There are 2 protein chains.
Amino acid sequence: MLDSEVRQSLLQWLGQERFRDDQETLVTHSYDATPMLQSLPDAVVYPETTAEVQSILRLANEHRIPIVPRGAASNLCGGTVPVQGGIVVAMSRMNKLLELDTVNLTATVQPGLNTKKFHQEVERRGLFYPPDPSSMVISTLGGNIMEGAGGLRGLKYGTTKDYVIGLEAVLPSGEMIRTGGKLYKDVAGYDLTKLLVGSEGTLALITEATLKLLPAPGVRQTMLVAFADIYGAARSVSRIVGARIIPATLEIMDQATIRVVEDYNHIGLPTDVQAILLIEQDGQELEHVKKDMNDIKNICAAEGATDIRMAQDEVEAEQLMMARRSALSTLARISPTTILEDATVPRSAIADMILAINRIAEKYRVNICTFGHAGDGNLHPTCTTDARNEEEIHRVEEAFAEIFEEAISLGGTITGEHGVGTVKAPYLEWKVGNAGIDVMKGIKQVFDPAGIMNPGKIFAKSSRKRLVISK
Amino acid sequence: MLDSEVRQSLLQWLGQERFRDDQETLVTHSYDATPMLQSLPDAVVYPETTAEVQSILRLANEHRIPIVPRGAASNLCGGTVPVQGGIVVAMSRMNKLLELDTVNLTATVQPGLNTKKFHQEVERRGLFYPPDPSSMVISTLGGNIMEGAGGLRGLKYGTTKDYVIGLEAVLPSGEMIRTGGKLYKDVAGYDLTKLLVGSEGTLALITEATLKLLPAPGVRQTMLVAFADIYGAARSVSRIVGARIIPATLEIMDQATIRVVEDYNHIGLPTDVQAILLIEQDGQELEHVKKDMNDIKNICAAEGATDIRMAQDEVEAEQLMMARRSALSTLARISPTTILEDATVPRSAIADMILAINRIAEKYRVNICTFGHAGDGNLHPTCTTDARNEEEIHRVEEAFAEIFEEAISLGGTITGEHGVGTVKAPYLEWKVGNAGIDVMKGIKQVFDPAGIMNPGKIFAKSSRKRLVISK
């Protein structure tokens, strides 16, 4: 519970509508999209200006009260769960598109702006903001920035990090800093912009962002390719890129995923194949996109594709992509608990990684479907389970630990686009080492000496011991 | 002078060939490409392995001896001048291309590898490493990474920062950290990779880097356009990008630059115009590149271009680009001292910035030619002067201070691609503010508590007071 003096100050600044500590508000802000994680905050505030954010943080810092910045809470790493209570700062009222600058090709936004809505505004001007996390219909740009969100277009266009070129951020002390600007080149000191992207609300609270835009590609084509052999799919991915073609989207679904998606959606996916690739190419010229798609078709055919279906129009393209985009929501329907992970490996290792996931799932007798962004090696092994079955959940945890270890041993990482949060904190040391953790903790200390910013995230109380993998 | 015990240890580890403290070696490592800056180191060492770098840094850290990492020393901010003496760590022997991975489209390199040589190796495989700092014939990749080097292709392809996806770095303690990897997506903790890029040797010493590559564009076309009115040139730049065309290169030269370049090189540049644009477009398809160039031509014509010359072949294209690439070396020939700066503004502000530079040059009675990367707003006001004329140099410094202030007031920055070093340290606060400096100093302290890494760079003893601009 908040100190009554603190509560009174917040109430006075923000009014009853924008300071809440009724039970319903606390409960609805006690969880995010991450399964099996819940913790009540002491209050929820809804600032409307940077100055209000500054006052809130200054007060919280003086009283050592945890601050949990919150966008749409669609993250999957426990990033917005107030695990140590405190004040949830909901950014929903700072949701304006402040400027669309068509000369400098930049947008300036408030953090609470919805990602999809922003896409639409940008596309209306013939421009393009590539980062497209699967949660974009509900997610906010501030949330995307804090988690370093990726999406389906990572291979060709990069992720959120590549498009953030300026920030306004409030430090826990209440001081405001501005980094970068409408600048494609800026090397004035350390790159605080990129440091804040993906910092998961543990360093500062973002109040404004300047984003880089691209001209919209005029043409897009979509294709679905089925493979009896998963290595054929993986080899196709490598050969497509090896042929110097970078598709806008290059997604994979394994057999377990295909079967569930088809069972529930009846879109005519072949359920007897080991893998499906979903491929999109975009560009300015139809001829060039067509040529790429044709080259990709030939590569897939040579690698033993059993079925190649080219979308004939936008509607069919949308339907094919739906198969992939609906994977998580479909999987979520077949069991009480769905745990989606994002182990990531170099592109050349995706077949090995998928097979390792299957082997590990069998070893621990858990059900794991795998789909994800084959083009950039970012896989989403997804476990359908039941949180009420403690014994099974324990096996699920063991399986994921082994999956993370396998990803790292293949040159990969424990999280490609979801963030560390609380969920992967125990594994961070496996990726960045002891010295890496120490440096990161030092940086945290610089920004947030009192440790009020989203405490309990990124850094675990203790690192998990490595498993001995029996191969 | 080094403590005799330290000297003995280094000599024993490295041998006489790789530990030098003779006068000639000290003198040749006392300066870099920055004018009017020289300071002798106490020794120069040439490590060949990461382990040797670790030993050197550990020893230096124990004895509080400054470490100055050095590539080709082609930087323009005093970045490799040992202003506090100490040990210059010359990376020239760690210059291998360790791996070119054509499946993952990555290269793994040692820091001493020459940038141009790397370009050639990459291009031989049909791949492309876009960052092309003007110094690339002599610069090293390690130097590019430490300074966050840009180049002519920044607008379309970004800078060095956008291509570094993994690093091996030695901390002053001697500990080694590894960041990132062959991964297009990695959000495991704070982004130490991007933090180290552009850190100017003040945090850690890079011993290996993993770089992202692209498929090579198959086609390239080049065009030179002259404008009687500089605003016509600037409006063309804005309108080209506004028309959703992103050229590979979009360079500008003002009249002062054109005249000097033409006087010395006789390439037939029109010397009576206010500005020249040099434009290149590349791509996979000739038709598409042609269409872009044609659209660009029409825009320039509509904005009053007086002369539009399309290169008919590679040789002519090379000759046109030479006019721009030779700008600095030509300017360097006309006076004893050439000071090249890199004030950077949003693209929409380049005409205002160029005119402000001219106004300021007149006010302080100094000769400033301006050229640079119009597409990304990165200008290079270049002063031809004489270091022996103290009174004039004082006026030059005042003029540049006012130029930096003007850049910032236009939403720009004090350095787009050269780095802060010693030269711009007094101005850093103008861009990042007091709180920004404090955070950066804190980060420096985390990596380098003893302050041995390239001391005297980025952070000034005292910030320069702002001028009062009389407009």
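Since we're looking at a predicted model, the values are computed, not measured.

Quick notes on the rules
Residues numbered from 1 in each chain as written. Chains lettered and ligands numbered in written order. Predicted model: local features only at pLDDT ≥ 70, side-chain atom pairs only at ≥ 80, totals over all residues. Heavy atoms only, no water. Contact = heavy atoms within 4.5 Å. Buried area = accessible area lost by both parts, 1.4 Å probe. Salt bridge = Lys/Arg side-chain N within 4 Å of Asp/Glu carboxyl O. Polar contact = N/O pair within 3.5 Å; in protein donor to acceptor, adjacent residues only side chain to side chain. Helix = DSSP H or I, 4+ residues; strand = E, 2+ residues; numbered from the N terminus. Nonpolar A, V, L, I, M, F, W, Y, C, P; charged D, E, K, R; others polar. Domains from an automatic or database assignment. Pairing = 2+ DSSP bridges. Expected span 1.5 Å × (residues − 1). Buried < 20%, exposed > 50% of the residue type's maximum accessible area, 1.4 Å probe, protein only. UniProt positions renumbered as here; feature names shortened; annotations may be inferred.

## Thoughts on the interface of chain A and chain B
Here is step 1: Listed per partner, the contact involves 80 residues of chain A and 80 residues of chain B.
Here is step 2: Approximately 6300 Å² of surface area, both sides summed, lies buried where chain A meets chain B, with 63% of it carried by carbon and sulfur atoms.
Here is step 3: Across the contact surface, chain A and chain B share eight salt bridges.
Here is step 4: In this structure, Asp-376 of chain A engages Lys-185 of chain B in a salt bridge whose closest nitrogen and oxygen atoms are separated by 3.1 Å.
Here is step 5: Run the count over chain A and chain B and you get 30 residue pairs in polar contact (both at pLDDT 80 or more).
Here is step 6: Elements represented by at least two residues in the side of chain A that touches chain B include exactly helix H6 (154-157), strand E9 (176-180), helix H7 (192-196), helix H8 (230-242), helix H10 (286-302) and helix H15 (428-447) of chain A.
Here is step 7: Taken together, the residues that form the side of chain A that touches chain B break down as 32 nonpolar, 30 polar and 18 charged.

## Here we look at the domain arrangement of chain A
Residue and element names in this part refer to chain A.
Here is step 1: Each domain of chain A was delimited in the assignment, giving domain 1 (4-90), domain 2 (97-215), domain 3 (217-326) and domain 4 (334-470).
Here is step 2: The gap between the C-alpha centroids of domain 2 and domain 4 is 25 Å.
Here is step 3: Domain 2 puts 20 residues into the contact, and the matching count from domain 4 is 18 residues.
Here is step 4: With both chains or domains summed, domain 2 and domain 4 bury close to 1500 Å², and 63% of this area falls on carbon and sulfur atoms.
Here is step 5: On the domain 2 side of the contact with domain 4, Pro-172, Glu-200 and Thr-202 bury the most area, a combined 38% of that side's loss.
Here is step 6: At the boundary of domain 2 and domain 4, one finds zero salt bridges.

## A closer look at the sheet that holds strand E1 (residues 19-20) of chain A
Here is step 1: The strand order E1-E2-E4-E3 (chain A) describes an open sheet built from four strands, whose pairing is mixed. The sheet is open, and its two borders are formed by E1 and strand E3 (67-70) of chain A, each paired with just one other strand.

## What to know about helix H13 (residues 350-363) of chain B
Since one α-helical turn is 3.6 residues long, residues separated by three or four positions face the same way.
Residue and element names in this part refer to chain B.
Here is step 1: With 14 residues, H13 extends 20 Å from end C-alpha to end C-alpha; this agrees with the ideal 20 Å at 1.5 Å per step.
Here is step 2: Taken together, the buried positions of H13 are occupied by Ile-350, Ala-351, Met-353, Ile-354, Ala-356, Ile-357, Ile-360 and Ala-361.
Here is step 3: Turning to H13, the residues buried within the fold contact helix H8 (230-242), strand E13 (249-254), strand E17 (368-373), strand E18 (378-385) and helix H14 (390-409).
Here is step 4: At the C-terminal side of H13, Arg-365 shows a positive phi close to 50 degrees.

## Looking at the UniProt feature "domain: FAD-binding PCMH-type" (unreviewed entry) in chain A
Here is step 1: Sequence positions flagged by UniProt for "domain: FAD-binding PCMH-type" (unreviewed entry) are, in local numbering, residues 37-216 of chain A.
Here is step 2: In this annotation, residues 37-216 of chain A is assigned 22% helix and 24% strand; the end-to-end C-alpha distance for the span is 39 Å.

## Topic: the pattern of salt bridges
All names here are of chain B.
Here is step 1: Under the defined criterion, the tally for this structure stands at 58 salt bridges over all chains.
Here is step 2: Across the pair Arg-178 and Glu-208 runs a salt bridge, and its minimum N-O distance is 3.7 Å. Taken together, the residues Arg-178 in strand E9 (residues 176-180) and Glu-208 in strand E10 (residues 205-212) connect sequence positions 30 residues apart.
Here is step 3: For Arg-239, the salt bridge identified is with Glu-303, shortest N-O distance 3.0 Å. Taken together, the positions of Arg-239 in helix H8 and Glu-303 in the loop between helix H10 (286-302) and strand E15 (305-310) put the pair 64 residues apart, joining distant regions of the chain.

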